[in-house]
Amino acid sequence: MAVYYFISPQRVPREGFFVAAKEIGTSDDSKVTKVAGPFVPIKISEKLAYLGHEFVLANLVSTNERLSFSNVYYAVYNSESQSFTVFGVTGEEIVTIQSEGVPMIFGDRIFSVDHVAGLIKHYSTSGEVLWSYSVGSYVTSLHANEELTVFGGLNGYVTLLNAQGEMVYEYRPSGSASEIIYGTAVSPDSQYFAIISGLDPQRFLLFRKGSRTYTPVYHRDLKQQFVQPVRIKFSDKSNLVLYEEPGFLNGYHIGKQQAFSLPIDGKLKDFNTDIFKRNFGFLVEKSDRYTLRVLNHEHLFPLMELDLHAQDVIMNVLPTSMVLGIDKTLLELEYKGQMK
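**Considerations on the overall build of the protein**
From N to C terminus, the protein includes 0 helices and 32 strands. Computed over the C-alpha atoms, the radius of gyration of the protein is 20 Å, within 12% of the 20 Å expected from 2.2 N^0.38 for a compact globule of 340 residues. Expressed as lengths along the three principal axes of its C-alpha atoms, the size of the protein is roughly 50 × 45 × 35 Å. Each of the 340 residues in the protein was classed as buried or not, and the buried ones make up 54%. Contacts in the protein between residues at least 24 apart in sequence constitute 42% of all its contacts with a sequence separation of at least 6. Taken as a whole, the protein presents about 16,100 Å² of accessible surface, with 48% of it coming from carbon and sulfur.

Now the structure itself:
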């Protein structure tokens, strides 16, 4: 299949421009090289690729089974599994865990979640259960950073646990016909967490850590609503949060206390909060056409708009560049010049 790249003219700072720097194929005979980290995962079609230093392919996993992965580990499982195996980024087996739950991996933290039983377990790399928590409800959403775990349930409660699995905060929104929690995320610095909750109306809520506990500091009723898991992402510096809504990508500048909403024409395939440090980007899918847009954090001016005609496109970022997975090809984009 031929892949065509169409670049639409947009307002871009005169000091810089975008360059397609390197390209890697993801066929089964692609060369894998031992390389230093940090590592970046990118899943395209039925393959999971790990990229290392200087855009080198460190591992390529081909599987028809389900995957849970982070920049440290990945797990392979299926819906009938009584166990799952965790691997390091270069394919070395770390541990096999006996569990009927679904593996969820965040950084170097390994969880299993039995959604129906409402049971969350956190494991060490030796397979030891570090802690377990009984939710008492179907688990609808879970996210974690190095210190905290936040999850929501069918019962409408959102719960925050510390690194030892102890509850530090619990909240149940009110005012909607249904109070199911559809999305959760905790910021990298643990000062904030956010949720999408309820139906009629569906709401986005942002919570901030105070001297004693967390409190809601911002909320927004959504014009449209999902009846499925919803994605929420914080920026690396915890100063921006992005979340999806049918027909929109929404955001909130935490320091500036400013909200914005960007209409999209199609399906929101993916979005990333940190591209070239101070920018965010998102992919929109419509038929066999994908549109990538990159905008500045502060002023929302557009840096790039790229049209791609392909069967599948996904995105991620390296420390100084951006990665696009386009069908069976990984493409590195670099920004040359001064980024405002």
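From this point, the narrative continues.
**Topic: the sheet that holds strand S17 (residues 167-171)**
Note: strands within a sheet are paired through backbone hydrogen bonds, in either parallel or antiparallel orientation. Ordered in space as S14-S15-S16-S17, the 4 strands form an open sheet in which the pairing is antiparallel. For this open sheet the edge positions go to strand S14 (139-144) and S17, each flanked by a neighbour on one side alone. Adjacent strand axes in the sheet meet at a mean angle of 15 degrees, parallel and antiparallel pairs treated alike. The pairing of S14 with strand S15 (residues 149-153) spans 5 bridges and is classified as antiparallel. Within S15, the residue paired with Ser-141 across the bridge is Gly-152.

**Concerning the side chain of Ser-112**
As for its position among the elements, Ser-112 is in strand S11 (residues 109-114). Take Ser-112: its relative accessible area is 2%, and that puts it in the buried class. Within the structure, the side chain of Ser-112 is placed 3.2 Å from the side chain of Ser-99, a separation counted as a polar contact. If sequence neighbours within four positions are ignored, Ser-112 has contacts with Phe-84, Ser-99, Gly-101, Val-102, Pro-103, Leu-119, Ile-120, Lys-121 and Tyr-123.

**Considerations on the environment of Glu-100**
Tracing the chain through its elements places Glu-100 in the loop between strand S9 (93-98) and strand S10 (102-106). On the basis of relative accessibility, which here comes to 60%, the residue Glu-100 falls in the exposed class. In the structure, Glu-100 is positioned 143 residues away from Tyr-243 in sequence and 30 Å away in space, judged by C-alpha atoms. Ignoring sequence-local partners within four residues, the contact set of Glu-100 consists of Ser-81 and Gln-82.

**Some points on the sheet that holds strand S23 (residues 240-245)**
The antiparallel open sheet is built from 4 strands, whose spatial order is S22-S23-S24-S25. The open sheet is flanked by strand S22 (232-234) and strand S25 (258-263), the only strands paired with a single partner. For this sheet, the mean angle separating the axes of adjacent strands, direction not counted, is 15 degrees. In the sheet, S23 pairs with strand S24 (residues 248-253) via 6 bridges, with the strands oriented antiparallel.

**Things to note about the pairing of strand S21 (residues 214-221)**
Sheet topology places strand S20 (residues 203-209) next to S21; 7 bridges connect them, and they run antiparallel. Looking across to S21, one finds that Arg-203 is bridged to Asp-221. Hairpin connection of S20 to S21: 4 residues between the antiparallel strands.

**Digging into a nonpolar patch on the surface**
A grouping of Val-116, Tyr-138 and Leu-154 is seen on the molecular surface, where their side chains present a nonpolar patch of about 310 Å² in accessible area. Tracing the backbone through its elements, the reader meets Val-116 in the loop between S11 and strand S12 (119-123). In this structure Val-116 comes out as exposed when scored by relative accessible area, which is 67%.

**What to know about a negative patch on the surface**
On the surface, a cluster of negative charge is made up of Asp-108, Glu-146, Glu-147 and Asp-189. Looking at where Glu-147 falls in the secondary structure, it is placed in the loop between S14 and S15.

**Brief notes about unusual backbone geometry**
The omega torsion across Gly-37 and Pro-38 is 5 degrees, close enough to zero to call that bond cis. One can find Pro-38 in the loop between strand S2 (16-25) and strand S3 (40-44). With a phi angle near 60 degrees, Glu-54 is a residue other than glycine that sits in the positive phi range. Looking at the secondary structure, you find Glu-54 in the loop between strand S4 (47-52) and strand S5 (56-62). Glu-54 gets classed as exposed once you look at its relative accessible area, which sits at 54%.

**With respect to the pattern of salt bridges**
This model, assessed by the stated rule, comprises 9 salt bridges. In this structure, Lys-233 engages Asp-270 in a salt bridge whose closest nitrogen and oxygen atoms are separated by 3.2 Å. Of this pair, Lys-233 sits in strand S22 while Asp-270 sits in strand S26 (residues 267-275); the two residues are 37 residues apart in sequence, bridging distant segments of the chain. Residue classification places Asp-270 among the buried positions, given a relative accessible area of 10%.

The rules we used
- Residues numbered from 1 in each chain as written.
- Predicted model: local features only at pLDDT ≥ 70, side-chain atom pairs only at ≥ 80, totals over all residues.
- Heavy atoms only, no water.
- Helix = DSSP H or I, 4+ residues; strand = E, 2+ residues; numbered from the N terminus.
- Rg over C-alpha atoms; globule rule 2.2 N^0.38 Å.
- Buried < 20%, exposed > 50% of the residue type's maximum accessible area, 1.4 Å probe, protein only.
- Contact = heavy atoms within 4.5 Å.
- Areas by Shrake-Rupley, 256 points an atom, 1.4 Å probe, with all protein chains shown as cover.
- Pairing = 2+ DSSP bridges.
- Axes fitted to C-alpha atoms, helices over the stretch in contact; angles between N-to-C directions.
- Polar contact = N/O pair within 3.5 Å; in protein donor to acceptor, adjacent residues only side chain to side chain.
- Patch = residues over 30% accessible without salt bridge, like charges linked within 9 Å, V, L, I, M, F, W, Y side chains within 5 Å.
- Salt bridge = Lys/Arg side-chain N within 4 Å of Asp/Glu carboxyl O.
- Lys, Arg positive; Asp, Glu negative; His and termini not counted.
- Charge placed at Lys NZ, Arg CZ, Asp CG, Glu CD.

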